Amino acid sequence: MDDNKIKNRIEHAVFICIILVLGLFTQNTYYLQIMTFIGINTLLALGLNMLIGYAGQISLGHAAFYGIGAYTTAILSGTFGISPWLSLLCAIGVAVLIAFVVGLPTLRLSGYYLGMGTLGFGMIVNILFREWSSVTGGSSGFVGIPVLEAGKVSFMSGQNYFFLVWGVVLGAILMCRRILASRMGRALRSIHDGEKASLAVGVNTHYLKLQIFMFSASLGAVAGFLYAHFVLFISPESFGFMVSVKMVTMVVIGGMASVWGALLGASLLTLLPEVLHGFAEYEMIVFGLILMVVMIFMPQGLTRGFLDMYEKARKKRQ
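Student: Help me get a handle on the overall build of the protein chain, residues and values and all.
Tutor: Tallying secondary structure elements over the protein chain gives 14 helices and four strands in all. What you see for the protein chain is a C-alpha radius of gyration of 20 Å, in line with the 20 Å of a compact globule of 318 residues. C-alpha atoms of the protein chain, sized along the principal axes, occupy 60 × 50 × 45 Å. For the protein chain, contacts bridging at least 24 residues in sequence account for 77% of all contacts bridging at least 6. Here the protein chain displays about 16,000 Å² of accessible surface, and carbon together with sulfur accounts for 68% of that area.

Next comes the structure, spelled out in structure tokens:
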């Protein structure tokens, strides 16, 4: 077994231990809820990081897939009485299908044009959530979403839901790392570094970008599913443009092309509004300032920045 595999296993073991300790020894319901939201946002950041950080494809409308997952499960389980677990499969299927239809033409664009294309898609989906009130509840929101259950286990907000969310996050991290360690992962990095060069050596760049776009959409749908059955109420505001911006900010601040960076970025941007609760009207200003500072002093994100600082300090001690 090579050193990289050993390092990955150690990191996963440490991650599992931290989650177990936090879940088992945190009795405060409010803290458990915050950590559950961090897990849901980590899923969003992981999916978007695969698209932006590794494939180099910007998306400014990714909250649409988050909303598609939430509304699909809400409508199927809340309106039609279908099992939430079956509605999860439907939510992923709908998100992946829409990602395929949207990505097929859109991912032929690049740079600002791709950003504008995905932005338009996100706005259209949000308008649909708002205007199709007979199905989605419109601006008033959707109520009546059932609580998740598995046999006699009820996933009400608390320890059960905390472990459910973070178990899914662990699975997503392992899946992302498996993809990145494969031939597909190497091809994605080559697209990020130079798409024309990748094309020159025979990489089907459009096919790979479409694949990772669909994968990213599926993680967004899973996050939407978990969010809907956690808060039991959804509205279009939860999946608007600013949510997409916040998702991109999580990826950039935490560190692009870093699985743990997605976790760090999601944690910071979930905790920050709680810390600045009394200054809610200045929230976006604070986000903007943090993003500027990180881009100036740590352009590769906090994860890479902290590692570089550690390496410099270690070399000085030697």
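Student: Help me get a handle on the side chain of Thr 72, residues and values and all.
Tutor: With respect to the helices, strands and loops of the structure, Thr 72 is situated in helix 3 (residues 63-79). Those residues in contact with Thr 72, other than ones at most four positions away along the chain, are Ser 87, Cys 90, Ala 91 and Val 94.

Student: Quick rundown of the environment of Phe 239? Include the residues and the values.
Tutor: Its place among the elements puts Phe 239 in the loop between strand 4 (233-234) and helix 11 (241-254). Residue classification places Phe 239 among the buried positions, given a relative accessible area of 2%. Sequence separation between Phe 239 and His 62 is 177 residues; the distance between their C-alpha atoms is 8.9 Å. The contact partners of Phe 239, leaving out residues within four places of it in the chain, are Ala 63, Tyr 66, Gly 67, Ala 70, Tyr 71, Asn 126, Phe 129, Tyr 227 and Ile 234.

Student: So what about the pattern of salt bridges? Which residues, and what values?
Tutor: Under the definition given, this model contains two salt bridges. Of the charged contacts in the structure, one is a salt bridge between Arg 177 and Glu 11, with a shortest N-O distance of 2.8 Å. Here Glu 11 lies in helix 1 (residues 3-25) and Arg 177 lies in helix 7 (residues 159-180), a separation of 166 residues in the sequence. For Glu 11, a relative accessible area of 21% puts it in the partly exposed group.

Student: How would you explain the nonpolar core if you had to name every residue and give the values?
Tutor: Phe 15, Leu 226 and Ile 234 are the most contacted members of the largest nonpolar core, which has 91 residues in total. Broken down by element, this core gets its largest block of residues, 15 residues, from helix 10 (residues 205-231). In this structure Ile 234 touches Ala 70, Tyr 71, Ala 74, Gly 141, Phe 142, Ile 145, Tyr 227, Ala 228 and Phe 239, once residues within four positions along its chain are discounted.

Student: Quick rundown of the packing of helix 8 (residues 183-193) against helix 10? Include the residues and the values.
Tutor: Where helix 8 contacts helix 10, the axes come no closer than 10 Å and their chain directions differ by 110°. Taken together, helix 8 and helix 10 sit at an angle that is classed as roughly perpendicular. Across the interface between the two elements, Met 184, Ala 187, Leu 188 and Ile 191 of helix 8 pack against Thr 205, Leu 208, Lys 209, Gln 211 and Ile 212 of helix 10.

Student: Talk me through helix 13 (residues 283-297); I want residue IDs and the actual numbers.
Tutor: If you check helix 13, its first and last C-alpha atoms are 21 Å apart, about what 15 residues at 1.5 Å a residue would give, namely 21 Å. Every buried residue of helix 13 is accounted for by Glu 283, Phe 287 and Val 294. Seen end-on, helix 13 carries its buried residues on one side only, within an arc spanning 35°. The exposed residues of helix 13 that point more than 90 degrees off its buried face are Ile 285, Met 292, Ile 296 and Phe 297. Buried residues belonging to helix 13 abut helix 11, helix 12 (259-275) and helix 14 (302-317).

Student: I'd like to hear about the environment of Ser 244, residue by residue, with values.
Tutor: Within the secondary structure, Ser 244 sits in helix 11. On the basis of relative accessibility, which here comes to 2%, the residue Ser 244 falls in the buried class. Each residue touching Ser 244, except ones within four places of it in the same chain, is listed here: Leu 60, Gly 61, His 62 and Ala 63. A polar contact is formed between the side chain of Ser 244 and the backbone nitrogen of His 62, at a distance of 3.4 Å.

Student: Quick one: what's the story with unusual backbone geometry, residue by residue and with numbers?
Tutor: Phi at Leu 232 takes a positive value of approximately 65°, unusual for a residue other than glycine. Relative to the elements of secondary structure, Leu 232 occurs in the loop between helix 10 and strand 4. Assessed through its relative accessible area of 29%, Leu 232 is described here as partly exposed. Positive phi, normally seen in glycine, also occurs at Ala 257, with a value near 60°. Relative to the helices and strands, Ala 257 is located in the loop between helix 11 and helix 12.

Student: Before we move on, could you go through the packing of aromatic side chains and cite the residues and values that matter?
Tutor: In the structure shown here, the tally under the stated rule is 18 aromatic pairs. When the ring of Phe 37 is compared with that of Phe 230, the centres are 5.0 Å apart and the planes differ by 75°; the resulting orientation is edge-to-face. Taken together, the residues span a long stretch of sequence, with Phe 37 in helix 2 (residues 29-54) and Phe 230 in helix 10 at a distance of 193 residues. Using a relative accessible area of 26% as the deciding quantity, one classes Phe 37 as partly exposed. Assessed through its relative accessible area of 10%, Phe 230 is described here as buried. Connected via pairs of aromatic rings, a cluster forms that spans Phe 37, Tyr 66, Tyr 71, Phe 129, Tyr 161, Tyr 227, Phe 230 and Phe 239.

Criteria and cut-off values
- Residues numbered from 1 in each chain as written.
- Predicted model: local features only at pLDDT ≥ 70, side-chain atom pairs only at ≥ 80, totals over all residues.
- Heavy atoms only, no water.
- Helix = DSSP H or I, 4+ residues; strand = E, 2+ residues; numbered from the N terminus.
- Rg over C-alpha atoms; globule rule 2.2 N^0.38 Å.
- Contact = heavy atoms within 4.5 Å.
- Areas by Shrake-Rupley, 256 points an atom, 1.4 Å probe, with all protein chains shown as cover.
- Buried < 20%, exposed > 50% of the residue type's maximum accessible area, 1.4 Å probe, protein only.
- Salt bridge = Lys/Arg side-chain N within 4 Å of Asp/Glu carboxyl O.
- Core = buried A, V, L, I, M, F, W, Y, C linked by side-chain atoms within 4.5 Å.
- Axes fitted to C-alpha atoms, helices over the stretch in contact; angles between N-to-C directions.
- Parallel < 35°, antiparallel > 145°, perpendicular 65-115°, else oblique.
- Expected span 1.5 Å × (residues − 1).
- Arc of directions from axis to C-beta.
- Polar contact = N/O pair within 3.5 Å; in protein donor to acceptor, adjacent residues only side chain to side chain.
- Phe/Tyr/Trp six-rings, centres within 6.5 Å; stacked < 30°, edge-to-face > 60°.

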